[in-house]
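What the coordinates show
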Amino acid sequence: MMSDEELNKLDFYFYKLEMVDELESMIKDSDIDFTGKNRGEAFEELQDLAFDRDLTGNRTGSYWCNELKAERALLGNYDLVQDALDDFGMESVDSPELISGEHLDVLVREYLLPQVIDEVLDKHNVAPF
């Protein structure tokens, strides 16, 4: 059994922060330039980049390719799981398409992606129009 001391040392995974950092790295490794683009165009370009590079894990069905890592990332993030379920119109994690921690992890990443893209665009001062 895990002691209270071990529990207090747990580092929780901060999805949004990690995803923003990873998307920023993807931008650096790409030829994306926001010059002359409106926010809608820039948003679509980043969304395409995120899906091409599998930021959500949707293409492969898993971001981590490891059930334990996915479940570890979900620890302390069940509010995001519920928000994602609500956003996608799912009633519970008993949905047949959510059979593992990896699937829940992908669901959370897909839910957060628009917010992550908006935050990155804000950092790059891409105007709304």
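As the structure is a prediction and not an experimental result, all values here were calculated from the model.

Points about helix H5 (residues 78-87)
Inspection of H5 places Leu80, Val81, Ala84 and Leu85 among the buried residues, and these make up the whole buried set. The arc that holds every buried residue of H5, seen down its axis, measures 140°, which confines them to one face. The inward-facing, buried residues of H5 contact helix H2 (15-28), helix H4 (67-74) and helix H6 (101-123). A positive backbone phi angle near 70° is found at glycine 89, which sits one or two residues after H5.

Here we look at the confidence of the model for the protein
When pLDDT drops low, the exact placement of atoms in the prediction is not to be read closely. Taken as a whole, the protein shows an average pLDDT of 91; of its residues, 91% reach a score of 70 or greater. When pLDDT is averaged over each helix and strand of the protein, the minimum, 71, is found for helix H1 (residues 4-8) and the maximum, 98, for H2.

Thoughts on the packing of aromatic side chains
Evaluated as defined, the whole model comprises 3 aromatic pairs. With 5.4 Å between their ring centres and 70° between their planes, tyrosine 13 and tryptophan 64 make a pair best called edge-to-face. Within this pair, whereas tyrosine 13 is found in the loop between H1 and H2, its partner tryptophan 64 is found in the loop between helix H3 (39-52) and H4, the two being separated by 51 residues in sequence. Using a relative accessible area of 14% as the deciding quantity, one classes tyrosine 13 as buried. The ring of tyrosine 63 has arginine 109 sitting right over it, with the charged end atom 3.5 Å from the ring centre.

A few points about the packing of H2 against H6
Taken N-terminus to C-terminus, the directions of H2 and H6 make an angle of 60°; their axes are 8 Å apart at the nearest point. As judged from the angle between their axes, H2 and H6 are oblique. H6 is crossed by H2, and the crossing has right-handed handedness. Counting all contacts with H2, which are made through Tyr15, Lys16, Met19, Val20, Leu23, Glu24 and Ile27, the residues of H6 involved are Asp105, Val108, Arg109, Leu112, Leu113, Gln115, Val116, Ile117, Glu119, Val120 and Lys123. Here the residues of the contact of H2 with H6 sort into 11 nonpolar, 1 polar and 6 charged.

Definitions and limits used
- Residues numbered from 1 in each chain as written.
- Predicted model: local features only at pLDDT ≥ 70, side-chain atom pairs only at ≥ 80, totals over all residues.
- Heavy atoms only, no water.
- Buried < 20%, exposed > 50% of the residue type's maximum accessible area, 1.4 Å probe, protein only.
- Helix = DSSP H or I, 4+ residues; strand = E, 2+ residues; numbered from the N terminus.
- Arc of directions from axis to C-beta.
- Contact = heavy atoms within 4.5 Å.
- pLDDT = per-residue confidence, 0-100.
- Phe/Tyr/Trp six-rings, centres within 6.5 Å; stacked < 30°, edge-to-face > 60°.
- Lys NZ or Arg CZ within 6 Å of the ring centre and 35° of its normal.
- Axes fitted to C-alpha atoms, helices over the stretch in contact; angles between N-to-C directions.
- Parallel < 35°, antiparallel > 145°, perpendicular 65-115°, else oblique.
- Left-handed = near helix turned anticlockwise from the far one by under 90°.
- Nonpolar A, V, L, I, M, F, W, Y, C, P; charged D, E, K, R; others polar.

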